[in-house]
Amino acid sequence: MEKNRIYPNKWQTVPFSFDLLNQMENRGRAVQELILKNEAATELHVSEMKLNITKFSAFDMEGNEHIVSDFMGQSAVTLKGISSGEFLRSKNVVALPEGTYRTLRFYLAKEGNEFRYRDGVLESVDHFGSLDFTIENGLQIIGNEVTEVKLWFDFAPFLWSSHFKTFLDLFKGNKNPRPRLANSFGN
């Protein structure tokens, strides 16, 4: 009988290694985490957004808009839900004037914007000029104690069956019936 050695740590990653560089850079300084919610995304069960962002702003409690950043020539940014474990970082948000903020607004380009729903269906949403996200519990900026902000998006998690959508679509057949003679003359 032959002995096979198994080294399980060969495939094991170091815990928290993905955040190691960030921890070294911040060196114990405060990082504030914000959970962002969009009412329409919640109702439609959006799980992921691909947005072509041109400008990013914050609204304070009085309704005044403060520009956070402009994105010139930016490619599309993918926003995923909390369940994916992915977030966006911003050091520009903490550069806002002192105060309390309740909403973040993303201004969108006229093309290249998509929503992916929890069942895996992808839809183009180029008709939106901007999307507003409400900050859960608000954002309060006092002095410069916070060095950066993590933006988490509260989206619906993908359904289990959505991972097999392309495979299952093979068995569903064509849902768009065409006349029998369509494409039969070699055009």
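Enquirer: Account for the overall build of the protein chain, naming residues and giving values.
Expert: Along the backbone of the protein chain there are 3 helices and 11 strands. Taking all contacts inside the protein chain whose residues are at least 6 apart in sequence as the whole, residues at least 24 apart take part in 80%.

Enquirer: Can you explain the pattern of salt bridges? Please cite residues and give values.
Expert: Tallied over the full model, the rule gives 5 salt bridges. Here Asp132 makes a salt bridge to Arg105, at a shortest N to O gap of 2.5 Å. Taken together, the residues Asp132 in strand S10 (residues 130–141) and Arg105 in strand S7 (residues 99–108) connect sequence positions 27 residues apart. Take Asp132: its relative accessible area is 33%, and that puts it in the partly exposed class. What emerges from the salt-bridge pattern is a single network uniting Lys37, Glu136 and Asp154.

Enquirer: Break down the sheet that holds strand S8 (residues 114–117) for me, with residues and values.
Expert: Spatially, 4 strands are ordered S5-S2-S8-S9 in an open sheet, and the strand pairing comes out antiparallel. Here the strands that pair on one side only, and so sit at the sheet edges, are strand S5 (77–80) and strand S9 (122–124). Across the sheet, the mean angle separating the axes of adjacent strands is 20 degrees when strand polarity is ignored. Here 4 bridges tie strand S2 (residues 46–51) to S8, and the two strands are oriented antiparallel to one another. Of the residues in S8, the one forming a bridge with Glu48 is Arg116.

Enquirer: Go over unusual backbone geometry with me, naming the residues and quoting the values.
Expert: For His45, which is not glycine, the phi dihedral falls at a positive 60 degrees. Relative to the elements of secondary structure, His45 occurs in the loop between helix H2 (39–44) and S2. Owing to a relative accessible area of 33%, His45 belongs among the partly exposed residues under this scheme. We note that Asn137 has phi near 65 degrees; this positive angle belongs to a residue other than glycine. As for its placement among the helices and strands, Asn137 is situated in strand S10. According to the relative accessible area criterion, Asn137 is exposed, its value standing at 77%.

Enquirer: Give a description of the pairing of strand S11 (residues 146–153) that names residues and reports values.
Expert: Counting buried positions along S11 gives 7 out of 8 residues, so the element sits mostly inside the fold. Summarising the sheet, strand S6 (residues 88–90) and S11 pair through 3 bridges and their orientation is antiparallel. From the neighbouring strand, Leu88 faces S11, where its bridge partner is Leu151.

Enquirer: If you had to explain the nonpolar core to someone new, which residues and values would you point to?
Expert: Counting 32 residues, the largest nonpolar core has Leu36, Met49, Leu51, Phe115, Phe133, Leu151 and Phe153 as its most contacted members. When residues of this core are traced back to their parent elements, those giving at least two are strand S1 (30–37), S2, strand S3 (53–60), S5, S7, S8, S10 and S11. Sequence-distant contacts of Leu151, that is, excluding residues within four places in its chain, are made with Leu34, Leu36, Phe56, Phe87, Leu88 and Leu104.

Enquirer: Explain the pairing of S2 to me, and be specific about the residues and the numbers.
Expert: Summarising burial for S2: 5 of the 6 residues are buried, a large majority. Inspection of the sheet shows S2 paired to S5 by 4 bridges, in the antiparallel sense. Paired with Glu48 across the bridge in S5 is Lys80.

Rules behind the numbers
Residues numbered from 1 in each chain as written. Predicted model: local features only at pLDDT ≥ 70, side-chain atom pairs only at ≥ 80, totals over all residues. Heavy atoms only, no water. Helix = DSSP H or I, 4+ residues; strand = E, 2+ residues; numbered from the N terminus. Contact = heavy atoms within 4.5 Å. Salt bridge = Lys/Arg side-chain N within 4 Å of Asp/Glu carboxyl O. Buried < 20%, exposed > 50% of the residue type's maximum accessible area, 1.4 Å probe, protein only. Pairing = 2+ DSSP bridges. Axes fitted to C-alpha atoms, helices over the stretch in contact; angles between N-to-C directions. Core = buried A, V, L, I, M, F, W, Y, C linked by side-chain atoms within 4.5 Å.

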